[in-house]
Amino acid sequence: MTLPGVFIHSVAVRLLLTLVLCVVGLSAWAQDKRQSSYWLMSPETRAMQDDEALNPATFWILDGQTLWNEAAGKKNISCAQCHGDASVSMKGVAASFPKVVNHALLSLEGQINMCRQSKQDASPLTLESKPLLSLATYVGHASKGMPISVERTPENSADLDAGQRLFNQRVGQLNLSCAQCHAERAGLKLGGNVIPQAHPTGYPIYRLEWQTVGSLQRRLRNCMTGVRAEPYALGSKELVQLELFLMWRARGMPLETPGVRP
């Protein structure tokens with residue numbers, strides 16, 4: 001039999017613990033100063049991203065949907081035959097990449113190509129090609145609004161550390177690192193534009209500058225060229241490691257795929 005005093009004390013302890021957890025949670029939320037570069041854009045560009053009828057990347061989503069349901073390769077099967085409705089089966093998937101699959105660190109595009117080769121007996125799609133970007137955008141769109149879920153694991157730990165080193169490594173003739181711009185000087189202006197925090201929440205992304213959809217790796221290579229460094233090759237281990245670190249750094253932030261940026 002539970003004594004009344006013990007019961008009251010137990011309830012009080014549980015209420016106190018709940019209050020402490022709420023305070024800790026609110027404190028962590030208040031201290032999270034991370035910001036998507038979405039909030040640095042003009043109202044017109046934000047409206048373009050938010051409205052699928054205005055977002056130019058919608059055409060890539062539609063192309064991706066077509067490719068998803070189209071039989072391919074020597075096995076003549078489609079993605080849909082294995083995975084069904086992408087809006088259901090792919091929900092949350094893009095938010096978890098890059099990840100280690102069969103002992104190899106893969107970006108989402110790398111996983112798509114691995115599936116093509118192993119499941120469809122099809123040739124891999126060329127990196128940065130419209131078909132691959134369309135599939136990645138279509139799969140990514142299924143996770144729109146979901147929190148990025150990349151976490152440190154025993155399998156990805158070494159690659160995550162390597163990505164962090166690359167983020168902090170000075171490169172190029174300008175001798176600059178990613179961190180010097182996007183961590184130390186985020187919020188300041190460079191060439192009249194506010195420097196973003198470099199959280200990759202919207203990739204694949206439509207850039208008005210490019211007039212097309214591009215991957216995070218394309219953006220990273222642009223940055224390397226900007227500091228007059230020799231960019232890593234598309235699909236290189238270094239770029240995927242950088243992707244991993246950046247997605248881990250943005251963990252918990254909502255995915256916006258497909259984003260729109262200037």
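Residues numbered from 1 in each chain as written. Predicted model: local features only at pLDDT ≥ 70, side-chain atom pairs only at ≥ 80, totals over all residues. Heavy atoms only, no water.

1. Here's the deal with the overall build of the chain
Moving on, step 1. Check the secondary structure of the chain and you find 11 helices and 7 strands.
Moving on, step 2. Split into buried and exposed, the 262 residues of the chain put 42% on the buried side.
Moving on, step 3. Approximately 14400 Å² of the chain is accessible, and the part contributed by carbon and sulfur atoms is 59%. (Helix = DSSP H or I, 4+ residues; strand = E, 2+ residues; numbered from the N terminus. Buried < 20%, exposed > 50% of the residue type's maximum accessible area, 1.4 Å probe, protein only. Areas by Shrake-Rupley, 256 points an atom, 1.4 Å probe, with all protein chains shown as cover.)

2. Brief notes about the pattern of salt bridges
Close approach of charged atoms lets side chains of opposite charge pair.
Moving on, step 1. Applying the stated criterion to the full structure yields 5 salt bridges.
Moving on, step 2. Residues Lys130 and Asp63 are paired through a salt bridge, measuring 3.4 Å at the closest nitrogen-oxygen approach. Pair noted here: Lys130 is in helix α7 (residues 130-141) and Asp63 is in helix α3 (residues 58-68), with a separation of 67 residues, a long-range link.
Moving on, step 3. Judged by relative accessible area, Asp63 falls into the partly exposed class, the value being 33%.
Moving on, step 4. In this structure, the salt-bridge partner of Arg152 is Asp161, at a minimum N-O distance of 3.0 Å.
Moving on, step 5. A relative accessible area of 38% means that Arg152 is categorised as partly exposed. (Salt bridge = Lys/Arg side-chain N within 4 Å of Asp/Glu carboxyl O.)

3. Section: the sheet that holds strand β6 (residues 212-214)
Moving on, step 1. Sheet architecture is open: 3 strands sit in the order β6-β5-β7, paired in mixed fashion. Looking at the sheet topology across the chains shown, the edges are occupied by β6 and β7 (259-261). The average undirected angle you get between the axes of adjacent strands in this sheet is 35 degrees.
Moving on, step 2. Across 3 bridges, strand β5 (residues 205-207) lies against β7 in parallel orientation. (Pairing = 2+ DSSP bridges. Axes fitted to C-alpha atoms, helices over the stretch in contact; angles between N-to-C directions.)

4. Thoughts on the state of the cysteines
Moving on, step 1. Considering all chains together, one arrives at 0 disulfides under this definition.
Moving on, step 2. There is no disulfide at Cys79, and the cysteine sulfur nearest it, in Cys115, is 7.4 Å away. (Disulfide = S-S within 2.5 Å.)

5. Here's the deal with the packing of helix α8 (residues 157-168) against helix α11 (residues 237-249)
Moving on, step 1. Packing of α8 against α11 brings their axes to within 7 Å, and their N-to-C directions diverge by 90 degrees. As summarised for this structure, α8 and α11 are arranged roughly perpendicular, according to the angle between their axes. For the pair formed by α8 and α11, the contact residues are Asp159, Leu160, Ala162, Gly163, Gln164, Leu166 and Phe167 on the first element and Lys237, Glu238, Gln241, Leu242, Leu244, Phe245, Leu246, Trp248 and Arg249 on the second.
Moving on, step 2. Within the contact of α8 with α11, the residues separate by chemical class into 9 nonpolar, 3 polar and 4 charged. (Parallel < 35°, antiparallel > 145°, perpendicular 65-115°, else oblique. Contact = heavy atoms within 4.5 Å. Nonpolar A, V, L, I, M, F, W, Y, C, P; charged D, E, K, R; others polar.)

6. Some details on α3
Moving on, step 1. Taken together, the buried positions of α3 are occupied by Thr58, Trp60, Ile61, Gly64 and Trp68. One face of α3 carries all of its buried residues, which in axial projection span an arc of 155 degrees.
Moving on, step 2. If you follow the buried residues of α3, they end up packed against α4 (79-83), α5 (86-89), α7, β5 and β6. (Arc of directions from axis to C-beta.)

7. Focus on α8
Structural remark: α-helix, 3.6 residues per turn; residues separated by three or four positions point the same way.
Moving on, step 1. With 12 residues, α8 should cover 16 Å at 1.5 Å per step; its first-to-last C-alpha distance of 17 Å lies within 8% of that length.
Moving on, step 2. Taken as a whole, α8 has its buried residues at Asp159, Leu160, Ala162, Gly163, Leu166 and Phe167. End-on view of α8: buried residues confined to an arc of 160 degrees, all on one side of the axis. In this structure, α8 carries Ala158 and Arg165 as exposed residues pointing more than 90 degrees from its buried face.
Moving on, step 3. Along its buried surface, α8 packs onto β2 (104-106), α9 (178-182) and α11. (Expected span 1.5 Å × (residues − 1).)

8. Some remarks on the packing of α3 against α7
Moving on, step 1. The contact between α3 and α7 brings their axes to 7 Å, and the two run at 95 degrees. With respect to their mutual orientation, α3 and α7 come out roughly perpendicular. In this structure, α3 contributes Trp60, Ile61, Asp63, Gly64, Gln65, Leu67 and Trp68 to the contact, and α7 contributes Lys130, Pro131, Leu133, Ser134, Leu135, Thr137, Tyr138, Val139 and His141.
Moving on, step 2. For the contact of α3 with α7, a count of residues per class yields 9 nonpolar, 5 polar and 2 charged.

9. Concerning the confidence of the model for the chain
Moving on, step 1. Counting all residues, the mean pLDDT for the chain is 91, and 88% of those residues have values of 70 or more.
Moving on, step 2. Of the regions scoring below 50 in pLDDT, residues 6-30 engages in 1 contact with residues more than four places distant in sequence or in other chains. (pLDDT = per-residue confidence, 0-100.)

10. Comments concerning the nonpolar core
Moving on, step 1. By size, the foremost hydrophobic cluster in this structure holds 40 residues, and its most contacted members are Trp68 and Leu108.
Moving on, step 2. Contributing elements (two or more residues each) for this core: α3, α6 (108-119), α7, α8, α10 (216-226) and α11.
Moving on, step 3. Top element by residues in this core is α11. It accounts for 8 residues.
Moving on, step 4. Once residues within four sequence positions are removed from consideration, Trp68 is found in contact with Ser78, Cys79, Ala80, His83, Gly84, Ala86, Ser89, Met90, Leu135, Tyr138 and Val139. (Core = buried A, V, L, I, M, F, W, Y, C linked by side-chain atoms within 4.5 Å.)

11. Side note on unusual backbone geometry
Moving on, step 1. Geometrically, the link from Tyr203 to Pro204 is a cis peptide bond, its omega value of -10 degrees lying close to zero.
Moving on, step 2. Among the secondary structure elements, Pro204 is positioned in the loop between β4 (193-194) and β5.
Moving on, step 3. Backbone torsion omega between Thr257 and Pro258 reads -5 degrees, so that peptide bond is classified as cis.
Moving on, step 4. By the element assignment, Pro258 lies in the loop between α11 and β7.

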